[in-house]
Structure formats: structure tokens, C-alpha cells
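Okay, here's what each chain looks like letter by letter:
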Amino acid sequence: MSAVEVRVLGAASLHVDGVARTLPRKAFAVLCALCLDGPLSREVLAALLWERQPHLARQSLRNAVLALRQALRPQGALLHVTRDRLAVEPQAVWLDAGQLAGAAPADLLGLWRGPLLDGLGIRDSAPWDDWVAGQEENLSRLHLDRCLDLGTRALEAGDPALAAALAGQALRVTPVSEHAARLLIQAHCAEGKEALAHLSAAQFCRRFRAEFGADPDLPALPLPATPQPQPMLPQPPGIQSPGTWPPLPQPLTCFIGRDLERRAVPEALRTGRLVTLHGPTGIGKTRLALQVARDMQESASEIRVQFVPLDDLREPGAVLPRLAEVLGVRTGPDPLAALAAALRETPTLLVLDNAEHVLDAADEWPRLLAACPGLRLLVTSREVLNLRAEQVISLDGLEVPAPDCPAAQARQSDAVRLFEDRARQAGGAFVLDAATLPDVRHLCALLGGAPLGLELAAAWTRGQTLPELRRALEAAVLDLASPHRDARPRHRGLRAALEHSWALLPGEARRDFCALGIFPASFDGKAAQAILGTTPARLAALLDRSLLRRDAAGRYSSHALLRAFAREKLGLDPARQRRLADRHAAHYRAALDRLNTASGGVSPPLLAYVQAEEANILALVDHLLVRAGQGELDRLEQVAEPLLWHYPTRGRPAESLRLCRRAVEVLRPHGEAADLALAVFLNMQGWLEYFFGDLHEAQRLYEEAAVRADRVGDPSERTRALAGLGGVQSRVGQLMQAVASCQAGVQAAAPLNPVRRYRMLTELGIAWTYAGNVPEAVRSYAQAQALLETGEVDSPLDVVACLNGVGAVRMMAGQPAAAHAAFAEADRLARLAGSVAQRPGILVLTALTHAVHAGPESAAQAYLAQAQQLLGERREPWVECQIEHVQARLALARGDPGAAADHCARACRIAWPSGNISITFWVLPVYARTLAAQGDLPRAAEVVGLLLSHPASSGWTRAQAEALLGEWRGQGVAEELAAAVERGAGLEVEALFASSDAKGEARARA
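Residues numbered from 1 in each chain as written. Predicted model: local features only at pLDDT ≥ 70, side-chain atom pairs only at ≥ 80, totals over all residues. Heavy atoms only, no water.

- In the nomenclature of an unreviewed UniProt entry, the protein chain is known as Bacterial transcriptional activator domain-containing protein of Deinococcus phoenicis.

This is how it looks when you write it as C-alpha cells:
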């Protein structure tokens, strides 16, 4: 296989020398288009991917090429770029789609993993969607023809099993191919599997009729043979004999997980004598009870263990006779006395399964325990017994891996292990690896770790891909049903299991349970009483019935599947659902009103509330968006502000970006009536697009937000738009435009609250900092500090941003001690506020200060290590660029110009494609010094010429360039230097990167 591997038949992936590489979406799309279509002109690629942004297409395509070169290293030579065309070397790339025509049967079965380029969608690009659809049609036809050809040959060669596998693969990709269905049926018949042939034919007919409204052309099949009665197996001796005890039911699958519970239950049975495993349906109570019973039986052979099913009983009076029947005890008029006499001398563990059906019978159990000192009862029930002797062990779903836990740890979680085991048992092609683990983790979370749900879902992996299964469950998780013919009636599907529990509830409990469907996640008792009108006693009744759970902080929640079922039941009463939704929105809106400070700041209590009630506040946003045309638009600002801070400070900006994009999509059709709400979310989205490195998109959004805010005369959103616009302009190299935007913002903020004015002065200071005008930056920060000293600015996150700017300008002014003091205070406040997102930026600037002012390398490296640890797997282009910038300075200081050049090139390749031109120019002085250290003084002087002439170069970077020229003039090459500096004035930054790429690859080869 080639060193570069590209897979498009399913989720798109790129591996170079066996290592997975990531790419921006459009860069990946460029690579896939070149691999599938061959050489393409720049015009074709621009029309395919940037139809709506033709003015940005040229620069964006350049950025994509840069990202591709970086990802393909050290195999970058396979990408050929000319003035007007792009191509990849076809012999140097292994492409899964390219193997279809000549693949051997075994290889063909594993090539097509899912929809073409699954997940690689390009927003607002109809030409891309059309291109993908056309490619998929052509490739699926090729795949079908190859499967049918090889399958027919296999059938003729006497290998019907291979023919069936190939036909089944063809139907997975082309589900309504009559040719493939005929081949599958013929292959099953040749294998002697007539029943399977009939089943395959019936399934295909249903699909074909649903698609075309007609019957397919399939071969006639003989009627299935009538099963012949089989002789009965010999009865194991003693099973039904009087005085003997039947064995425990034998499991058909291995037991996985619940290690803590397997230790806790026997311990509880040693210290007490009545233990109830309590939890909702499908949570694994019976399976755990049987495993514990088996463990105890194996560890203490003198203990007699017996399983007693109660799920078919409906009368409490039938329980004692059932016990006597199972234990082989003859009873007279007093069954309790007869059982006590039989069990009095024998250490016994009785597993009483599904006691919720006959709860009143539990009144007799304390008397039985009192009469039999060696008796222990292990009860499974969806409802607690409420007996004094009872110890309750509540069960929830199996351990589900946290979203941020490492892959190796996720694979060892109970939920993932159970899913993997049952999926393998299903006999499909499932393999748990890096490609499938994300979908498995999502399925485990969606099902709340419920063992019944996990086993049902895993059984379907034989016929569905994980993305297909995931989409189906996201749409209707309760529709998940068992494909097994021997499934117990109430375990044949999630809805069947939940309906069984529903049938046991009294009327008031049903009504209260339905109302829980209005909560998307956990809630507190005040919310329950205000929104549902319920009482603590009724909440306690739901807790007893395992329909609700309560954590140590006093918050209530339901299992994910119960919540979905409650939501479905509530939806059957639309009027009540609307009333509860209105109450829910009013309750959380009032809470935000109380916590929003008069100063406009985002206080720690407000952030803490948003963190606790995140799902409920998102539901409030949904409510307001749905009612956008009913006068609710003006309510969105108070909700948007805390959410804007909440997600990024918790290290989850991608979720905030998805929310903004959806809100903007919903609001746009309302036109000018939605101007204010749109300005709110456009400002939020602009900040997030900037955060993720798409500065051009961020600038566009801020400009639109400013126009809409102006139109409705809202100074608050106009100020926010100008602040964001100034920040973006500073970074894209429009330095004086940024200053002008921020100055306009300061004027607009004058009549507003102190926090707005403070933020705007901070942004003006940052704009002056990027422009390299240290005195003006210091003046702006001083004005911000004066506001802070009034005590009216109560938003620590804003103070962190200001201190970060103060530290940067002190660094540029040659005051490292003052810079370190500002950064240290910023980091202290960020830690106190729990602002995960702000800390990496503070730490890298601290490291940069050490590097710029000859501080100890060990200190700089320590700060960089902290920043990288906090980043984890998140992408923050600004921070990543600065890390490379610092490493370049440190490498140069220790006398390693080759490593310094590599770090400079990486920094520029991160910054330039994202449009962050100003940071690129922060790095270029280091690169010029690196070139000089390598003996390439003419090239170094050209970089200096670029720094001195380019409008994006700030006063700080120009000062560094002048200092370098002063050093070099003493080397007696003034005329050559002047000529080189003049050449540098016309140098293109992208060309500079290309040359550094070539040198870096040469060093790597050496």
C-alpha cells in the first residue's frame, strides 16, 4: 500500500505513513476531488467549494493548498500545483474507490464502509452536494457490477457462502437491486438455507414496494418445509424430584461490568438480610442478581441459592405458594409457617425477581426472615419495598465514557465493552477501532448505558453501519427493537419495556411522570414545584418507582430513555405540553433576570447557574426561537450573553457555534423584525468563528451585526459588533481600520453600563497593541483600569482579557517584570472563574515574554506544557501558532537555527491560512534572524524588507526589523543588503512559506 492512504467510501480519512492526519473540511474536499476526478483547474475547484464567496476563493484555495502540504508531509511532493491547475500523483496515493474495479472478493467485502464522504459536508455549497451525489451514483454502480460479477462466479464455482456475502454487500450499498436480491436468494438455496432465502426475499420485497410501489422480479421459491418434531432430550435426573432445588437459570451471554455492584451486594447481604436492587426497566437488575447469586454459590457451597420469578403474578396472595412450589415445600393452611419450617435450618439466599408486580406481598417477608435466621432475600424491583429491614441499592446505566476521556479509557468502560461483545456476537463486520469508537461512545450516551438498549442496538450492527444506527436512534430511540425471535415479550424493544412499566403506574404517578418530559435534563426542586405544580411527596413517589433519581446536590433527573418516553407521552396532550413549556420558559427566564447584573457583567453566580442549568437554558432558547414571530425576540439577548461566555470558558466552544448557526438560520426568514436578535447571535457566531480561526467569516458576521444593530438603534449590540470587528481587523492586518472600529465602539459605549465601556477600552488597547503603538495602548488600558477601580466592573472574565492585553503591551515595551505580573494576575482570576478557554492564551504569552526577554528556557517550556495540556484535543489556531513562535525563539537562543526555521514555518502555516496575518508578522522577525544564523543573509534581508513595507506589519515588528538591519550593516555588505531589502518589498508571504517547506522537507530527508 502507498505511503498516503485516502478513504472516501464511508467517513473520509487520510493516513500518511500509517498516521491519521486531520484537515480543514475544504482542504479535505480539495484532496478528495483531486483523487476522484484527477487534475482540476483552480476555477473548477473555486466553483465547487466557494460558489457563494467568489471574492475569497483564490485566497481560500491557497490556504487549502497550504493545509494539504502540511498534512501530507513528508509526502508533500505528490501534490502538484501550477498557476492554474492542481493535481495529485495517482500512483503515490492509495484510494479505496480506486480499488473497486480490480478488488478480490475478500477485499471487496470491506471496501465500502458507508455513504460516500460521510460527514464531509460543505456548508452552503450546492455544487459540492451535486458532485458528491454524482460520484456516489457512479461508484455504487461500479461496486454493484463488481459484486454481481464475482458473486456469480463464486456460485458457479460451488462457493454459495461467498456468493451470498457478495450479494449481501451489494444490497447494503444498493438496497433495491433486483439482480443482487436474485443472487442472494439463489446462493441461500444452494447452501440449503431455504428459510433464510424466504426471509431475504420477504425483506427485499418490502423495501422494493416501499420504493417503487410494485413487486420485484424474483425467482419463485418452494414453500418452506414444515419442521419435524424432535425427540425430547433426556430429562436431567432430580430436577423435578421432590426435595431437590432447581439450578439457577443459565445465562446465554457473558456478564460484563458492574464490578462495584458485584462486590457491594454480597457485602450488603452479609450485614443485612433484605437487599433490593432498585432501578428502571432494562437496567440489568435481574442479570446482576443472578450473577451475584452465582458468585455467592461458588464462594460458599453450603449456601443454597434459588431464583424465584414473580413477573407473571398479579395477586400478592400468590407469592408464598410460588415460593413453596419452587422450593418443593408442601404447604397447608399456613404457607408462611410451612416455608419457615423448611428454611429454618438451612443457609439460604432467595432471589425474588420483579417484585414490583406484587408489592403488598412484601409485608410477609419480615416475618419469614425473623423465623429463618439463615435466610437472605435479594429482591429486584422497579419500586422500593419501604420495609425497615430493606437495604436499597439503586442501579443506573452502565458506565459511559465521558466526552473528553482518552480513547483507551473509553474502550474499557462497561457500556462500550458490553456493546462490543454483543456486536461481535451478532456476527457482522463490526470492529471496535479508532474509526468506530466515536459512534459507539455516542450510542452508549444516547442509550444512557442501559444494558437492554445496548444489547438491542448491538444486535443491529449485523445489518446497519454505526452511522446509520446512530442516525436512526437519534431520530427515534424508543423504536429500537430486538431482532431475536426468542426475546422475552417485555424485552422485545425499548418501547415495549417502558409500556410494561407504564401499565403498572397509578393515575397520579402517570400524570406526574409525563410532566417530567418538559425537562431536557436535571432540575431542582424549586423548578419542579414552579413548573409542574407538584409536591415533595409526589416527587418522592416517583423516586420510589425509579422514574426519578436525586443526586447529592438535591437535583432531580431521569434516565435518558425514561426522559424520552415521558416526552413522548406528554406529546400526546399538546395543550398541556404548551402550558408546561410556557411555564418552563418563564421560570428560567426569571432566574436569568435575577442573576443578570445591572452593570452588564457576567458574574460568577450567573456562570455557575448557567453551568448547572445549561440544558434548561438551551430549551429556553429553543422556546424563544420557535416563538420568534410572537414578540419573544427581544428576550434572546439576556440568554445569549451568559451562553456566549459559558461554552468557551468550559472548553466547549464548538457547541456554542452550533447553537449560533442554528439560531441565525431560524431568524433570517423574519427579516428586519429579527434585526436585534440576529445581531445578538451574529456577534456570538463572529466571536466563535474567530476562535476557530475563520477570521474572514468572523469579519463578515461582525459587519452584518453592526448594520443590523444600527438599523434598530441598539448601542449595546453595535458596541459588541465594533469590538469584535476591531479584534478581527487587528489580526487580519487591517491595523488602523481596527483602531478606527474600536474608537467608534468606545464612543458608542459611552452611555452604556461600565462593563461595556470597560470591554471596549480593552479592545482599543489590544488594537493599539497590534498596531505597535505602545503609548496609545497604555493610555487605553489605563482608562479601563480607572473604570475597574470604581468597583462597578463585576465581570472577572473581562478583567482577565484586559490584563492579558496589558501584559502583551508591557512585553512589547521591554518591561518583562510588569508583563509577568499582569499575566500572573490574569491566570489567577481565570482559574478562580473556572475559565478553561482563557488560560492557554495567558500561558503562551507568559512563555513568549520569557523567550523575547531571554528568560530561562525551562520556565518557558513549563508554561507551554501547561497550555498544551489545557488544550487537549481542542484546536485553537492562535494558541497553536504562538506555541510554535515561542519554540522558534527558544531554538534560536540555544543555537539551533534549523529547528527554529521549522517552528517558524509551522507557525506561519497555522496563522496564514486562518487569515491571522498579524501573528504571521510577529513570527517573521524570528524567521529573518534564523535565516541570517544559517548564513542566508540576502534571504533574511528580503524578509526584513517585507516587514518594513507590508501594511500588516506593526510598529513593534518594524522596530525589530530595523534592529536586525542595524546589526547586519556592520558586516560591510550595505549595498547587497539594500538590494535585498528592496526585493523583499515585493515578496509574497505564501512564496516565503513554500521555500521554507522545501527546506524543511530536505532537512527531514537528510
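Moving on from the coordinates now.
1. Considering the overall build of the protein chain
Move 1: When its secondary structure is counted, the protein chain shows 45 helices and 14 strands.
Move 2: Across the 1006 residues that make up the protein chain, the buried fraction comes to 53%.
Move 3: Taking the contacts inside the protein chain whose residues are at least 6 apart along the sequence as the reference set, 70% of them involve residues at least 24 apart. (Helix = DSSP H or I, 4+ residues; strand = E, 2+ residues; numbered from the N terminus. Buried < 20%, exposed > 50% of the residue type's maximum accessible area, 1.4 Å probe, protein only. Contact = heavy atoms within 4.5 Å.)

2. Some points on unusual backbone geometry
Move 1: Pro74 follows Arg73 through a cis peptide bond whose omega is 5°.
Move 2: Inspection of the secondary structure assignment puts Pro74 in the loop between α3 (54–72) and β5 (79–81).
Move 3: Its identity is not glycine, yet Ala854 carries a phi of approximately 55°, on the positive side.
Move 4: Within the fold, Ala854 resides in the loop between α37 (839–852) and α38 (857–871).

3. Focus on helix α15 (residues 414–426)
Move 1: Between its first and last C-alpha atoms α15 spans 18 Å; for 13 residues at 1.5 Å apiece the expected length is 18 Å, and the two agree.
Move 2: Structurally, α15 contributes buried residues whose contacts are with α10 (285–299), α14 (407–411), α16 (437–446), α17 (451–459) and α18 (466–476).
Move 3: Once α15 finishes, Gly427 follows within two positions and takes phi at roughly 90°, a positive value. (Expected span 1.5 Å × (residues − 1).)

4. What about the side chain of His559?
Move 1: Within the fold, His559 resides in the loop between β14 (556–557) and α23 (560–570).
Move 2: Of note is the side chain of His559, whose polar atom sits 3.1 Å from the backbone nitrogen of Leu561.
Move 3: If we ignore the near neighbours within four places in the chain, the residues touching His559 are Ile283, Asp396, Gly397, Leu447, Gly448, Ala450 and Arg549. (Polar contact = N/O pair within 3.5 Å; in protein donor to acceptor, adjacent residues only side chain to side chain.)

5. Observations regarding the pairing of strand β2 (residues 13–16)
Move 1: Pairing of strand β1 (residues 4–7) with β2 involves four bridges; the strand directions are antiparallel. Each bridged residue has a counterpart across the sheet, and for Val6 the counterpart in β2 is Leu14.
Move 2: Counting the residues that bridge the hairpin from β1 to β2 gives five residues, and of these Gly10 lies at a positive phi of roughly 125°.
Move 3: Judged from the three bridges that link them, β2 and strand β3 (residues 19–21) form a sheet pairing that is antiparallel. Each residue of the ladder has a partner; that of Val16, found in β3, is Val19.
Move 4: Count of turn residues in the β2/β3 antiparallel hairpin: two residues, of which Asp17 carries a positive phi of about 55°. (Pairing = 2+ DSSP bridges.)

6. Some thoughts on the pattern of salt bridges
Move 1: Here the structure, examined in full by the defined rule, presents 46 salt bridges.
Move 2: Linking Asp396 and Arg549 is a salt bridge whose minimum nitrogen-to-oxygen distance equals 2.4 Å. Residue Asp396 is found in the loop between β12 (390–394) and α14, and its partner Arg549 is found in strand β13 (residues 549–550); the two are separated by 153 residues along the sequence.
Move 3: Looking at Asp396, the relative accessible area reads 32%, which means it is partly exposed.
Move 4: When the shortest N-O distance is used, the salt bridge between Glu704 and Arg668 registers 2.7 Å. On the criterion of sequence distance, the pair formed by Glu704 in helix α30 (residues 695–712) and Arg668 in the loop between α28 (653–667) and α29 (675–691) is long-range, its members being 36 residues apart.
Move 5: The class of Glu704 is buried, set by a relative accessible area of 17%.
Move 6: Here the salt bridges do not stand alone but share partners, grouping Arg668, Asp675, Glu697, Arg700, Glu704, Arg708 and Arg711 into one network. (Salt bridge = Lys/Arg side-chain N within 4 Å of Asp/Glu carboxyl O.)

7. Digging into the environment of Leu620
Move 1: As for its position among the elements, Leu620 is in helix α26 (residues 614–626).
Move 2: With 32 residues separating them along the chain, Leu620 and Tyr588 place their C-alpha atoms 7.2 Å apart.
Move 3: With residues near it in sequence (within four places) discarded, Leu620 still touches Ala585, Tyr588, Arg589, Leu592 and Val639.

8. Overview of the packing of aromatic side chains
Move 1: According to the stated counting rule, one finds nine aromatic pairs in the structure shown.
Move 2: Between Phe419 and Phe430, the aromatic rings sit 5.8 Å apart at their centres with planes inclined by 75°, giving edge-to-face as the arrangement. Of the two residues, Phe419 sits in helix α15 while Phe430 sits in the loop between α15 and α16, which places them 11 residues apart along the sequence. Phe430 shares its class with Phe419; the two are buried.
Move 3: Three or more aromatic residues link up through ring pairs in this structure, and these residues are Trp502, Phe513 and Phe565. (Phe/Tyr/Trp six-rings, centres within 6.5 Å; stacked < 30°, edge-to-face > 60°.)

9. So, the sheet that holds β1
Paired through backbone hydrogen bonds, the strands of a sheet run either parallel or antiparallel to each other.
Move 1: In space, the four strands of this open sheet follow the order β3-β2-β1-β7, with mixed pairing throughout. Since the sheet does not close on itself, it has two edges, and those belong to β3 and β7 (93–95), each with one partner. When strand polarity is set aside, the average angle formed by the axes of neighbouring strands in this sheet is 25°. (Axes fitted to C-alpha atoms, helices over the stretch in contact; angles between N-to-C directions.)

10. Considering the environment of Ala528
Move 1: Relative to the elements of secondary structure, Ala528 occurs in helix α21 (residues 525–532).
Move 2: Remark: the alpha-carbon pair of Ala528 and Ala515, spanning 13 residues in sequence, is separated by 9.5 Å.

11. A few points about α3
Move 1: The end-to-end C-alpha distance of α3 is 27 Å, a good match for the 27 Å that 19 residues give at a rise of 1.5 Å each.
Move 2: Considering bend angle alone, the principal kink of α3 is centred on Ser60 and spans about 25°.
Move 3: Restricting attention to buried positions, one finds in α3 the residues Ala57, Ser60, Leu61, Arg62, Asn63, Ala64, Val65, Leu66, Ala67, Leu68, Ala71 and Leu72. (Bend = angle between axes of the 7 residues up to and from the residue.)

12. Comments concerning the nonpolar core
Move 1: Grouped together as the largest cluster of nonpolar side chains are 113 residues, with contacts concentrated most on Leu378, Phe419, Leu447, Phe513, Phe523, Leu532 and Phe681.
Move 2: Tallying contributions element by element places α29 first for this core, with seven residues.
Move 3: Those residues in contact with Phe419, other than ones at most four positions away along the chain, are Phe430, Val440, Leu443, Leu454, Ala457, Ala458, Thr461 and Leu466.
Move 4: Core analysis: the second largest hydrophobic core is formed by 92 residues, Leu787, Cys881, Ala928 and Leu977 among them. (Core = buried A, V, L, I, M, F, W, Y, C linked by side-chain atoms within 4.5 Å.)

13. Remarks on the sheet that holds strand β6 (residues 85–88)
Move 1: What the three strands build is an open sheet, ordered β4-β6-β5; its pairing is antiparallel. At either margin of the open sheet sits one strand with a lone partner, and together these are β4 (40–41) and β5.
Move 2: Taken together, the two bridges between β4 and β6 define a ladder with antiparallel strand orientation. In the strand pairing of β6, Leu40 is matched with Leu86.
Move 3: The sheet strands contacting α3 are β5 and β6, and the helix crosses β5 at an angle near 150°.

14. A word on a positive patch on the surface
Move 1: A cluster of basic residues, Arg511, Arg578, Arg579 and Arg583, forms a positive patch at the surface.
Move 2: It is helix α24 (residues 574–595) that provides the largest number of residues to the positive patch, a total of three residues.
Move 3: When its relative accessible area of 49% is taken as the criterion, Arg511 is described as partly exposed. (Patch = residues over 30% accessible without salt bridge, like charges linked within 9 Å, V, L, I, M, F, W, Y side chains within 5 Å. Areas by Shrake-Rupley, 256 points an atom, 1.4 Å probe, with all protein chains shown as cover. Lys, Arg positive; Asp, Glu negative; His and termini not counted. Charge placed at Lys NZ, Arg CZ, Asp CG, Glu CD.)

15. Comments concerning the pairing of β1
Move 1: Taken together, the three bridges between β1 and β7 define a ladder with parallel strand orientation. Along β7, the bridge assignment pairs Val4 with Val93.

16. Topic: the packing of helix α19 (residues 494–503) against α23
Move 1: Running from N to C, α19 and α23 point in directions that differ by 75°, and their axes come no closer than 11 Å. The orientation of α19 relative to α23 falls into the category roughly perpendicular. In this structure, α19 uses Leu494, Arg495, Leu498, Glu499 and Trp502 to contact α23, whose residues at the interface are Leu561, Leu562, Phe565, Glu568 and Lys569.
Move 2: The residue makeup of the contact of α19 with α23, split by class, is six nonpolar, no polar and four charged. (Parallel < 35°, antiparallel > 145°, perpendicular 65-115°, else oblique. Nonpolar A, V, L, I, M, F, W, Y, C, P; charged D, E, K, R; others polar.)

17. Here's the deal with the packing of α16 against α18
Move 1: At a minimum axis distance of 10 Å, the contact between α16 and α18 shows a crossing angle of 25°. Between α16 and α18, the interaxial angle falls into the category roughly parallel. As for the relative orientation of α16 and α18, their crossing is left-handed in sense. On the side of α16, the interface is formed by Pro438, Asp439, Val440, His442, Leu443 and Leu446, while α18 contributes Leu466, Pro467, Leu469, Arg470, Leu473 and Glu474.
Move 2: Residues of the contact of α16 with α18, tallied by class, amount to eight nonpolar, one polar and three charged. (Left-handed = near helix turned anticlockwise from the far one by under 90°.)

18. A short note on the confidence of the model for the protein chain
Move 1: On average, residues of the protein chain score 84 in pLDDT, and 90% of them are at 70 or above.
Move 2: Scored below 50 in pLDDT, residues 997–1006 shows 12 contacts in the model against residues more than four places distant or in partner chains. (pLDDT = per-residue confidence, 0-100.)

19. Quick word on the environment of Gly745
Move 1: In this structure, Gly745 sits in helix α32 (residues 735–749).
Move 2: Take Gly745: its relative accessible area is 0%, and that puts it in the buried class.
Move 3: In the structure, Gly745 is positioned 26 residues away from Thr719 in sequence and 5.0 Å away in space, judged by C-alpha atoms.
Move 4: In this structure Gly745 touches Thr719, Leu722 and Met760, once residues within four positions along its chain are discounted.

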